[in-house]
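# Breakdown of the fold
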Amino acid sequence: MVLPASRKAEEEATRDGVHQMTEVLAYLGEEDGASAAEYALILAIIGASIAAAMLFLGNSISSAVNNAANCIKTGTTTNC
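Everything quoted here is computed from the prediction, not taken from an experiment. (Residues numbered from 1 in each chain as written. Predicted model: local features only at pLDDT ≥ 70, side-chain atom pairs only at ≥ 80, totals over all residues. Heavy atoms only, no water.)

### Overview of the overall build of the protein
As a reminder of what qualifies: Secondary structure elements are taken from DSSP: a helix is a run of H or I of four residues or more, a strand is a run of E of two residues or more, and numbering for both begins at the N terminus. Note on areas: Shrake-Rupley with a 1.4 Å probe; residue coverage comes only from the protein chains shown.
Counting its regular elements, the protein contains 2 helices and 0 strands. For the protein, the accessible area works out to roughly 7,200 Å², and carbon and sulfur atoms hold 64% of it.

### Concerning a nonpolar patch on the surface
Stated precisely, the cut-off is as follows: Patch membership requires more than 30% relative accessible area and the absence of a salt bridge. Residues of like charge join within 9 Å; the nonpolar side chains Val, Leu, Ile, Met, Phe, Trp and Tyr join within 5 Å. Take a side-chain nitrogen of Lys or Arg and a carboxyl oxygen of Asp or Glu: if they are within 4 Å of each other, that pair is a salt bridge.
Residues Tyr39, Ile42, Ile46, Ile50 and Met54 make up a contiguous nonpolar surface patch of roughly 540 Å² in combined accessible area. In this structure, Ile42 sits in helix H2 (residues 36–74).

### Digging into H2
We count it as follows: At every residue, the bend is computed as the angle between two fitted axes, covering the seven residues ending there and the seven beginning there respectively.
Of all the bends in H2, the largest measures some 60° and sits at Leu57. Taken from the residues just after H2, Gly75 is the one with a positive phi, measuring 75°.

As far as function goes, none of this settles anything; it's purely spatial.
The following block contains the structure:
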């Protein structure tokens, strides 16, 4: 059976669309991605980094906040 050009193009587009959809579904079904243990390790590293930053920068941040509070309380701009 010979199909008109527009019908043939339509069928080819449908086959291409089905092929693309099966590729997407196959990709979503893969289990090669990161596991929960890997995500937990990443979170632990980030948490440790935040804790270390707080330890090292805690006094600097505290003094800066206290200085700003004193400037607001006294209403002066000297040493602010």
